[in-house]
Amino acid sequence: VIFSVDAETVTGRKAVRNEEIAEVAAANPDVLIPFASVDPHKPDAVAEAKRLIRDHGVRGFKFHPNIQAFFPDDRSVYPMYEAIAEAGLPALFHTGHSGIGTGLPGGGGVRLKYSNPMHLDDVAADFPELTIVMAHPSFPWQDEAISIALHKQQVYIDLSGWSPKYFSPNLISYANTLLRDRVLFGSDFPLITPDRWLADFAEADFKDEVRPLILKENAVKMLGLRR
């Protein structure tokens, strides 16, 4: 799954065009799945999301509340969720700590409060038909993310952005049991390479029967892929 992040309103920087992402994926459909990113602050955000679905075949949407500076449960964003849900596509949200800004004065102005996963609980309750993926182990709110996924059956957790050797025991325990069908592989390349992630995953305390679910089967179901 490939995407950029459109946070132009906050950062003043243009993202890689969603059309370019879609074109690259269309040229390599055996290995790439295109997600779009639309700055939720832009007045034409909903129309843009619908256009990307209709004209460019995007397969999901990426949100980064830290960088885009919005709370996911802000009702002004709900029309975009409605469009995504109507198309039957998933919405992927950055949750927890942000590597972007870490160590800079003032964290580079990036505010962590926006990516507390509890802000997704209202979204999941108000859009039960919307598949939601909480990206990354949600440090320091991992237990909140687990609770939401346990409570809302359309919510997934992906494991990207952190080496598996740093996963909390609680996350591994639930991935092995009650959430075994809703935890997903991810690397967050280029921040972590797939090879590095997979090597550390092999050493972590996941059950043998759960590993193929995390690495493939859960994503096949969530993304509606055919074998």
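Provided above is the structure to which this section pertains.
Okay, so let's go over this structure. (Residues numbered from 1 in each chain as written. Predicted model: local features only at pLDDT ≥ 70, side-chain atom pairs only at ≥ 80, totals over all residues. Heavy atoms only, no water.)

1. Topic: the packing of aromatic side chains
Inspection of the entire model under this criterion finds 14 aromatic pairs. Taking 5.0 Å as the distance between ring centres and 15 degrees as the angle between the ring planes, the aromatic pair formed by Phe63 and Phe93 counts as stacked. Taken as a pair, Phe63 in strand β1 (residues 61-63) and Phe93 in strand β2 (residues 91-94) lie far apart in primary sequence, 30 residues in all. Accessibility classification places Phe63 together with Phe93 in one group, the buried group. Between Phe71 and Tyr114, the ring centres sit 4.7 Å apart and the planes meet at 55 degrees, which makes this aromatic pair tilted. (Phe/Tyr/Trp six-rings, centres within 6.5 Å; stacked < 30°, edge-to-face > 60°. Helix = DSSP H or I, 4+ residues; strand = E, 2+ residues; numbered from the N terminus. Buried < 20%, exposed > 50% of the residue type's maximum accessible area, 1.4 Å probe, protein only.)

2. Examining the packing of helix α9 (residues 194-203) against helix α10 (residues 211-223)
Close contact between α9 and α10 brings their axes to 10 Å; oriented N to C, the two are set at 145 degrees. Contacts from Trp197, Leu198, Phe201 and Ala202 in α9 reach Arg211, Ile214 and Leu215 in α10. Residue classes in the contact of α9 with α10 are distributed as 6 nonpolar, no polar and 1 charged. (Axes fitted to C-alpha atoms, helices over the stretch in contact; angles between N-to-C directions. Contact = heavy atoms within 4.5 Å. Nonpolar A, V, L, I, M, F, W, Y, C, P; charged D, E, K, R; others polar.)

3. Digging into the pairing of strand β4 (residues 155-158)
Residues Val155 and Ile157 line one face of β4 and the alternating positions Tyr156 and Asp158 line the opposite face, and both faces are buried. Pairing of strand β3 (residues 132-135) with β4 involves 3 bridges; the strand directions are parallel. Counterpart to Met134 in the pairing with β4 is Ile157. The parallel pair β3 and β4, bridged by helix α7 (residues 142-151), forms a crossover whose chirality is right-handed. Inspection of the sheet shows β4 paired to strand β5 (residues 183-184) by 2 bridges, in the parallel sense. The residue bridging Asp158 from the neighbouring strand is Leu184, located in β5. Remark: the β4/helix α8 (residues 169-175)/β5 crossover connection has right-handed handedness. (Pairing = 2+ DSSP bridges. Right-handed = clockwise from strand over helix to strand, strands pointing away.)

4. Quick notes on the nonpolar core
Among the nonpolar cores identified, the biggest contains 45 residues, and Phe61, Phe63, Tyr81, Leu130, Leu159 and Phe206 are the most heavily contacted of them. Looking at this core element by element, the count peaks at 5 residues for helix α5 (residues 78-86). Sequence-distant contacts of Phe206, that is, excluding residues within four places in its chain, are made with Leu159, Phe167, Ile172, Ala175, Asn176, Phe201, Arg211 and Ile214. (Core = buried A, V, L, I, M, F, W, Y, C linked by side-chain atoms within 4.5 Å.)

Shape descriptors only; they carry no functional weight alone.
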